[in-house]
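Survey of secondary and tertiary structure
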Amino acid sequence: MIRTVLFDLDGTLLNTLTDLSNSVNFALKAHELPERTVQEIRAFLGNGIRNLIEKSVPFNTSVEVLDKVFQSFKTYYLKHGLDYTTPYVGIMPLLEKLKKESFKMAIISNKVDAAVQQLNTQFFADYMDIAVGEKPNVKRKPAPDSVLFAIEALGAQPDTTLYIGDSEVDYETARAASVKCVLVTWGFRDEHDLKLLKSDFYANSPEELYNIISSS
């Protein structure tokens, strides 16, 4: 019986795509590099912001230019990262239900930890018991470190824990941590691609997600 629920952040709880896309294209334009479409940037997400910029710059971009673009991205995103970011429709009622039913909940993200804490405080502090971002002693997903860290911190067990995400990175993370996985179809990957992964569960809405959690 599931009693602990771990959530990916971007593409699962929060729709951050517009702010991330705007920040990427600001940084590319600032260094006279071709901009990317929203769909391209969506496909690049899921493995941290350094990886996002590495995929966004043209092939064979020098490390020196890459570093400058990355810095420009971080500076802009720090100021504009919440211009359009908001929880997906249905997420807040879902968290409210789970809280009332005494589920333990945590955020697991590849964002830098300071940003994860800021977003958790702004949107989810009333619901989450812990939020874990990228930091020196915790390897980024798909390594299982962040999930195992949260399970231990919550006094939970892997066999009563469910991990919820929206990408192949999340699927691989759940597998590495030996916990069951739900992949949601409203995030940063197409449903067809997610179905190829053969996750334990799929959810097309927060309502469906609640039914999976409550019946698992």
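Below is a summary of the structure that appears in this document. Residue positions are given per chain, counting from 1 as you read along its sequence in written order. Selection of residues for local features in this predicted model requires a pLDDT of at least 70, selection of side-chain atom pairs for listing and counting requires 80 or more, and totals for whole chains, interfaces and linings are taken over all residues. Values shown for side chains rest on all heavy atoms present in the structure; no hydrogens or waters enter the calculation.

1. Some remarks on the environment of R175
By secondary structure assignment, the location of R175 is in helix α8 (residues 168-177). Sequence separation of R175 and K99 is 76 residues, and the distance between their C-alpha atoms is 26 Å. By definition in these notes, contact holds between two residues if any of their heavy atoms fall within 4.5 Å. If we skip the residues at most four places from it in the chain, R175 touches C181, K198, S199 and D200. Any pair of N or O atoms that falls within 3.5 Å is considered a polar contact. Within protein, one atom must be able to donate a hydrogen and the other to accept it, and sequence-neighbouring residues count only if both atoms are side-chain atoms. Within the structure, R175 has its side chain in polar contact with the side chain of D200 (distance 3.2 Å). Going along the chain from the N terminus, every DSSP run of H or I of four or more residues is numbered as a helix, and every run of E of two or more is numbered as a strand.

2. What about the environment of K74?
Mapped onto the secondary structure, K74 falls in helix α4 (residues 63-80). K74 sits in the partly exposed class, given a relative accessible area of 34%. The spacing of K74 and L95 is 21 residues in sequence and 30 Å in space, taken between C-alpha atoms. Buried, partly exposed and exposed residues are distinguished by accessible area as a fraction of the type maximum, computed with a 1.4 Å probe on protein chains only: under 20%, between the cut-offs, and over 50%, respectively.

3. A word on the nonpolar core
To qualify as a nonpolar core, a set must consist of buried Ala, Val, Leu, Ile, Met, Phe, Trp, Tyr and Cys residues joined through side-chain atoms within 4.5 Å. In this structure, F7, F124, L209 and I213 are the most contacted members of the largest nonpolar core, which totals 49 residues. Contact partners of I213, with chain neighbours within four places excluded, come to I2, V5, L98, F103, L162 and I164. Ranked by size, the runner-up nonpolar core spans 20 residues in total, among them I130, V138, I151 and Y202.

4. Observations concerning the pairing of strand β5 (residues 130-134)
Along β5, 4 of the 5 residues are buried, which leaves the element largely enclosed by surrounding structure. Being paired, for any two strands, means DSSP has found at least two bridges between them. Taken together, the 4 bridges between strand β4 (residues 104-112) and β5 define a ladder with parallel strand orientation. Residue V112 lies in a different strand from β5, and its bridge partner there is E134. Tracing the backbone out of β4, into helix α6 (residues 113-124) and back to the parallel element β5 gives a crossover that is right-handed. Crossover handedness is defined by viewing with both strands directed away from the observer: a clockwise path from the first strand over the helix to the second marks the crossover as right-handed.

5. What to know about the environment of F70
Following the sequence through the fold, F70 ends up in helix α4. Beyond its immediate chain neighbours, meaning those up to four positions away, F70 contacts I49, R50 and I53.

6. Things to note about unusual backbone geometry
A cis amide bond, omega 15°, links K141 with the succeeding residue P142. With phi around 60°, S178 is a residue other than glycine that occupies positive phi space. In this structure, S178 sits in the loop between α8 and β7 (180-184).

7. Remarks on the packing of helix α1 (residues 17-30) against α4
The interhelical angle for the contact between α1 and α4, taken along N-to-C directions, is 140°, at an axis separation of 8 Å. With respect to each other, α1 and α4 are oriented oblique. Crossing angle aside, the handedness with which α1 passes α4 is right-handed. Facing α1, whose interface residues are D19, L20, N22, S23, V24, F26, A27 and L28, α4 presents V69, S72, F73, Y76, Y77 and H80. Side-chain classes follow a simple rule in which Ala, Val, Leu, Ile, Met, Phe, Trp, Tyr, Cys and Pro form the nonpolar group, Asp, Glu, Lys and Arg form the charged group, and the remainder, Gly included, forms the polar group. Grouping the constituent residues of the contact of α1 with α4 by class yields 9 nonpolar, 4 polar and 1 charged. Axis definition: a line fitted to C-alpha atoms, limited for helices to the stretch in contact. Angles are taken between N-to-C directions and run from 0 to 180 degrees. Our angle categories are set so that under 35 degrees counts as roughly parallel, over 145 as roughly antiparallel, 65 to 115 as roughly perpendicular, and the remainder as oblique. Left-handed is the label given to a crossing in which the near helix is rotated counterclockwise from the far helix by less than a right angle, and right-handed is the label when the rotation is clockwise.

8. Quick word on the pattern of salt bridges
Think of a salt bridge as a Lys or Arg side-chain nitrogen and an Asp or Glu carboxyl oxygen that are within 4 Å of each other. Applying the stated criterion to the full structure yields 12 salt bridges. For K141, the salt bridge goes to D8, with nearest N and O atoms at 2.9 Å. Taken as a pair, K141 in the loop between β5 and α7 (145-153) and D8 in the loop between β1 (4-7) and β2 (14-15) lie far apart in primary sequence, 133 residues in all. When the shortest N-O distance is used, the salt bridge between E191 and K195 registers 3.1 Å. With E191 and K195 both in helix α9 (residues 191-195), this residue pair falls 4 residues apart, about one helical turn. Linked through salt bridges whose partners overlap, the residues forming this network are D8, K141 and D170.

9. Things to note about the packing of aromatic side chains
The criterion for an aromatic pair is that two Phe, Tyr or Trp rings (for Trp, the six-membered ring) have centres within 6.5 Å, with stacked assigned to planes under 30 degrees apart, edge-to-face to planes over 60 apart and tilted to the rest. Throughout the structure, instances matching the rule amount to 4 aromatic pairs. The interplanar angle of 20° and the centroid separation of 4.3 Å between the aromatic rings of F26 and Y76 together place this pair among those described as stacked. Here F26, found in helix α1, pairs with Y76, found in helix α4; they are 50 residues apart in sequence, far enough to count as distant. Judged by relative accessible area, which is 40%, F26 ranks as partly exposed. Ring centres of Y88 and W186 lie 6.5 Å apart, and the angle between their planes is 55°; on these two criteria the pair is classed as tilted. In this pair, Y88 is assigned in the loop between β3 (86-87) and α5 (91-100) and W186 in the loop between β7 and α9, connecting sequence segments 98 residues apart.

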